[in-house]
Amino acid sequence: MLRAEGLRLSFRDAEGRGFPVLDIATLTAEAGALTVVTGPSGSGKSTLLHALCGLQPVDAGAIRWQDTDIAPLSEGARDRWRRQTVGLVFQEFHLIDELSPLDNILVPAWFSRFRAGEMRHRAAELMRAYAVPTQRRRVADLSRGERQRVALARALLFDPPVILADEPTASLDRDAGAAVIEGLCALARDRGRLVLAVSHDPGLIAAADVVLRLDHGRLTPVEGIA
Ligand code: ADP
Ligand code: MG
């Protein structure tokens, strides 16, 4: 369902010199599976996730989701495609501290044609499914694990076929991390979603159907994992 080929991306350093961040010959991922891209800090994992959903333009390459190559699309067309297709869980969540969990989960609906009542119903369902506290007024008062679950629920508001998650278990305690891993596995295996996470959490890697390793922006084979 995802096939990226010949991906290249460079950033500029403080002196304005370009340095390569991604150089990926082929990357594929399937619906119904949890794919985890692992690799050390600075290897390009977050950049890769943002590139795959078109938030970060690439210098070269094709990013095919089903039959759509999003790389050559205009920014507006990519944004529309992303809203319809991808639930993205950012490394730093990007929640709005002053809003309640419910209102944070409803933020994507601000920009959509969906009916408010339907969306509130769906948000309430997600809050139950992911054990998001309902009584807190501001997400600023939530624990990191709770904030992560709000971010996941927000990503799922439109029931997207693709879920991309950046270090979804980072700095969660064991129980909170296990709950997130279980949620991602269920989305892939029970709901048939394409779930792609980047992470160096051994627990998430162990739960993955496919593990890819990113090193200095290149994918390398993973040994010892079937
Ligand atoms: P990871 O998520 O694996 O830790 P990142 O994708 O965040 O790695 O970063 C990969 C490399 O690109 C790092 O060297 C980082 O400093 C650099 N980088 C990330 N974003 C930018 C940016 N917007 N401008 C310049 N360099 C960046
Ligand atoms: Mg990162």
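Above this note sits the structure.
Right, let's talk about the site of ligand 1 for a bit. Close to ligand 1 lie F11, R12, F19, V21, P40, S41, G42, S43, G44, K45, S46 and T47, which account for all nearby residues. Between ligand 1 and G44, the relevant distance is 3.1 Å, taken from an oxygen atom to a main-chain nitrogen or oxygen of the residue. Contact with the protein chains hides 59% of the accessible area of ligand 1, taken as 570 Å² for the molecule alone. Elements supplying a minimum of two residues to the shell around ligand 1: β1 (2-12), β2 (18-29) and α1 (45-52). Examining the composition of the shell around ligand 1, we find that 3 residues originate from one element, α1, more than from any other. Grouping the amino acids of the shell around ligand 1 by side-chain chemistry returns 4 nonpolar, 6 polar and 2 charged.

Evaluation of the coordinates by the stated rule reveals 1 aromatic pair. When the centroid spacing of 5.8 Å and the interplanar angle of 40° are considered together, the rings of W65 and W81 count as tilted. On the criterion of sequence distance, the pair formed by W65 in strand β4 (residues 60-65) and W81 in helix α2 (residues 75-85) is long-range, its members being 16 residues apart.

When a metal carries six donors in an octahedron, the ideal angles between them are 90 or 180 degrees, while four donors in a tetrahedron ideally lie at 109.5 degrees. For the magnesium ion (ligand 2), the full set of protein donor atoms is S46 (OG) and Q91 (OE1), and the range of their distances to it is 2.1 to 2.5 Å. Of this pair, S46 sits in helix α1 while Q91 sits in the loop between β6 (86-89) and α3 (101-105), placing them 45 residues apart in sequence.

Along any regular strand the residues' side chains alternate between the sheet's two faces. With 4 bridges joining them, strand β3 (residues 34-38) and strand β9 (residues 210-215) adopt parallel strand pairing. Residue pairing in the sheet places V37 in a bridge with L212 of β9. As judged from the 3 bridges shared by β9 and strand β10 (residues 218-220), these two strands associate in the antiparallel manner. What sits directly across from R213, in β10, is T220. Hairpin remark: β9 followed by β10, antiparallel, with 2 residues in the connecting loop; positive phi at H216, about 50°.

What follows deals with the sheet that holds β2. Spatial ordering of the open sheet is given by β2-β1-β4-β5, a layout of 4 strands whose pairing is antiparallel. Both edges of this open sheet fall to β2 and β5 (68-69), since each of them pairs with a single strand only. Pairing of β1 with β2, which is carried by 10 bridges, proceeds in the antiparallel orientation. The residue of β2 that forms the bridge with L7 is I24. Along the sheet, α1 makes contact with β1, β2 and β4, crossing β1 at roughly 120°.

Taken residue by residue, α2 has A77, R78, W81, R82 and T85 as its buried positions. On an axial view of α2, the arc spanned by its buried residues comes to 135°, and they lie on one face. Away from the buried face of α2 by more than 90 degrees, exposed residues E75 and Q84 are located.

Rules used in this analysis
- Residues numbered from 1 in each chain as written.
- Chains lettered and ligands numbered in written order.
- Predicted model: local features only at pLDDT ≥ 70, side-chain atom pairs only at ≥ 80, totals over all residues.
- Heavy atoms only, no water.
- Near = heavy atom within 4 Å.
- Polar contact = N/O pair within 3.5 Å; in protein donor to acceptor, adjacent residues only side chain to side chain.
- Areas by Shrake-Rupley, 256 points an atom, 1.4 Å probe, with all protein chains shown as cover.
- Helix = DSSP H or I, 4+ residues; strand = E, 2+ residues; numbered from the N terminus.
- Nonpolar A, V, L, I, M, F, W, Y, C, P; charged D, E, K, R; others polar.
- Phe/Tyr/Trp six-rings, centres within 6.5 Å; stacked < 30°, edge-to-face > 60°.
- Donors = N, O, S within 2.8 Å, 3.2 Å for Na, K, Ca; no water.
- Pairing = 2+ DSSP bridges.
- Contact = heavy atoms within 4.5 Å.
- Axes fitted to C-alpha atoms, helices over the stretch in contact; angles between N-to-C directions.
- Buried < 20%, exposed > 50% of the residue type's maximum accessible area, 1.4 Å probe, protein only.
- Arc of directions from axis to C-beta.

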